[in-house]
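# Working through the structure, step by step
One-letter residues, chain by chain:
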Amino acid sequence: WQSEVQLECLVVTSRSDELRSALPSDKSRLRIVDAPAGLNWAQALNIGLQNTRGDVVGALSNRDVVRGEGLVHVRKAFEANPEHKVAYGRAVYVDERCQFIRRFRSRPPTLTGLSKRPCLCSPSVFYLKEVLLQAGGFDDSLDFWANYDMWFRLVKKGYRFSEIPHEIAGVLQRELGTNPPQKVRDTEVRSCAEALQVVERHTGSVGTRWPVRAGFAVAVAAGLHRNNIGFDKHVLSVALKYTASSKRGLLPDSMYRSAILAAHVKTECRVALRHPRV
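Summarised in this report is the structure supplied together with it. (Residues numbered from 1 in each chain as written. Predicted model: local features only at pLDDT ≥ 70, side-chain atom pairs only at ≥ 80, totals over all residues. Heavy atoms only, no water.)

A word on the pattern of salt bridges. Evaluated as defined, the whole model comprises eleven salt bridges. For Asp143, the salt bridge identified is with Arg190, shortest N-O distance 3.4 Å. In this pair, Asp143 sits in the loop between helix H5 (129-134) and helix H6 (146-156) while Arg190 sits in helix H7 (residues 182-203), placing the two residues 47 residues apart along the sequence. Owing to a relative accessible area of 38%, Asp143 belongs among the partly exposed residues under this scheme. (Salt bridge = Lys/Arg side-chain N within 4 Å of Asp/Glu carboxyl O. Helix = DSSP H or I, 4+ residues; strand = E, 2+ residues; numbered from the N terminus. Buried < 20%, exposed > 50% of the residue type's maximum accessible area, 1.4 Å probe, protein only.)

Next comes the structure, spelled out in structure tokens:
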């Protein structure tokens with residue numbers, strides 16, 4: 001936003017004609033930006049970044065939501081604290097009807113923290129436009145984790161992520177379920193593989209949590225779930241294959257295998273505590 005406009009919403013899409021006919025034409029704060037078909041999220045973001053008139057920007061994926069009152073808190077935070085470069089608020093997981101499921105545990109991003117999990121919920125993160133431009137925009141070679149990669153890059157450059165103590169956004173909870181469509185399974189496998197690539201690029205090793213998550217995705221893609229006898233063996237074998245072809249820091253092989261096993265057991269115990277029938 002900027003002082004004259006306060007807030008604008010850019011929709012970067014290849015379906016611009018269709019949207020213009022469906023959306024209100026008198027809304028000056030809603031702008032539709034033409035884009036070629038087949039763009040990934042990062043490419044669309046970079047086009048939006050070049051077209052926005054505002055000084056503070058955020059980004060939404062399909063089905064993410066930002067609360068109107070949340071945007072007020074974001075604006076006030078940046079106006080009251082000129083030193084803010086990047087700020088993040090609280091977020092919740094929602095279902096298909098935007099009904100609350102549970103809270104997202106946002107944490108201040110550090111290199112160690114990001115190596116384990118993304119730490120932040122993307123629609124609740126807002127940046128000064130100049131920060132993103134100086135960083136060269138989002139990496140459009142990434143299909144799933146351009147935001148994750150950007151947080152790594154900004155943390156490594158020494159940027160401080162300021163917390164806004166208010167609920168800002170909701171994100172659709174993705175559940176693979178017991179029998180997801182093959183396309184969903186394949187997408188999850190690709191997403192995990194890309195996350196491993198991002199973590200290794202920025203930290204030099206892949207840790208344990210992402211390989212275990214990748215193993216889970218591959219197991220589900222193979223039709224195995226927690227109620228199948230071969231599930232644990234499949235998850236662990238895939239996780240170890242990922243780590244065998246990646247850097248894993250200074251841990252010897254036997255200790256790393258134990259660390260992978262411990263990470264899997266910890267994950268499954270958490271699931272069992274939330275879902276006793278498992």
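So, about helix H2 (residues 41-51). Within H2, the full set of buried residues consists of Trp41, Ala42, Ala44, Leu45, Asn46, Gly48 and Leu49. Contacts made by the buried residues of H2 are with strand S1 (9-13), strand S3 (56-58), H5 and H6. Residue Asn40 occupies the N-cap position of H2, its side-chain oxygen lying 3.2 Å from the main-chain nitrogen of Ala42. (Contact = heavy atoms within 4.5 Å. Polar contact = N/O pair within 3.5 Å; in protein donor to acceptor, adjacent residues only side chain to side chain.)

Further remarks concern a positive patch on the surface. Taken together, the side chains of Arg102, Arg105, Arg107, Lys116, Arg209, Lys266, Arg270 and Arg274 present a region of like positive charge at the surface. Here the positive patch takes three residues from helix H10 (residues 253-274), the largest share from any one element. Residue position: Arg107 is located in the loop between strand S6 (100-104) and helix H4 (111-116). Overall, Arg107 belongs to the partly exposed group, its relative accessible area being 35%. (Patch = residues over 30% accessible without salt bridge, like charges linked within 9 Å, V, L, I, M, F, W, Y side chains within 5 Å. Areas by Shrake-Rupley, 256 points an atom, 1.4 Å probe, with all protein chains shown as cover. Lys, Arg positive; Asp, Glu negative; His and termini not counted. Charge placed at Lys NZ, Arg CZ, Asp CG, Glu CD.)

Attention now moves to the pairing of strand S8 (residues 161-172). Bridge analysis of strand S4 (residues 65-66) against S8 gives two bridges, and the strand direction is antiparallel. If you follow Val65 over to S8, its bridge partner there is Gly170. (Pairing = 2+ DSSP bridges.)

With that out of the way, let us pick up the environment of Leu132. Looking at the element boundaries, Leu132 is found in helix H5. With 13 residues separating them along the chain, Leu132 and Trp145 place their C-alpha atoms 16 Å apart. Not counting residues within four places of it along the chain, the set of residues in contact with Leu132 comprises Leu49, Val57, Tyr127, Gly137, Phe138 and Met150.

A few words now on the packing of aromatic side chains. Any aromatic ring pair is given by two values, namely how distant the centres are and how the planes are angled relative to each other. Taken as a whole, this structure holds eight aromatic pairs when the rule is applied. Summarising the aromatic geometry, the rings of Tyr127 and Phe138 are spaced 6.2 Å apart at their centres and angled 85° between planes, so their arrangement reads as edge-to-face. Placement of the pair is Tyr127 in strand S7 (residues 125-128) and Phe138 in the loop between H5 and H6, with a sequence separation of eleven residues. By relative accessible area, which is 6% here, Phe138 ends up buried. Taken together, Trp145, Tyr148, Phe152 and Trp210 form an aromatic cluster joined through their ring pairs. Above the plane of the ring of Phe104 lies Arg117, whose end atom (NZ or CZ) is 5.6 Å from the centre. (Phe/Tyr/Trp six-rings, centres within 6.5 Å; stacked < 30°, edge-to-face > 60°. Lys NZ or Arg CZ within 6 Å of the ring centre and 35° of its normal.)

Purely geometric numbers; function is a separate question.
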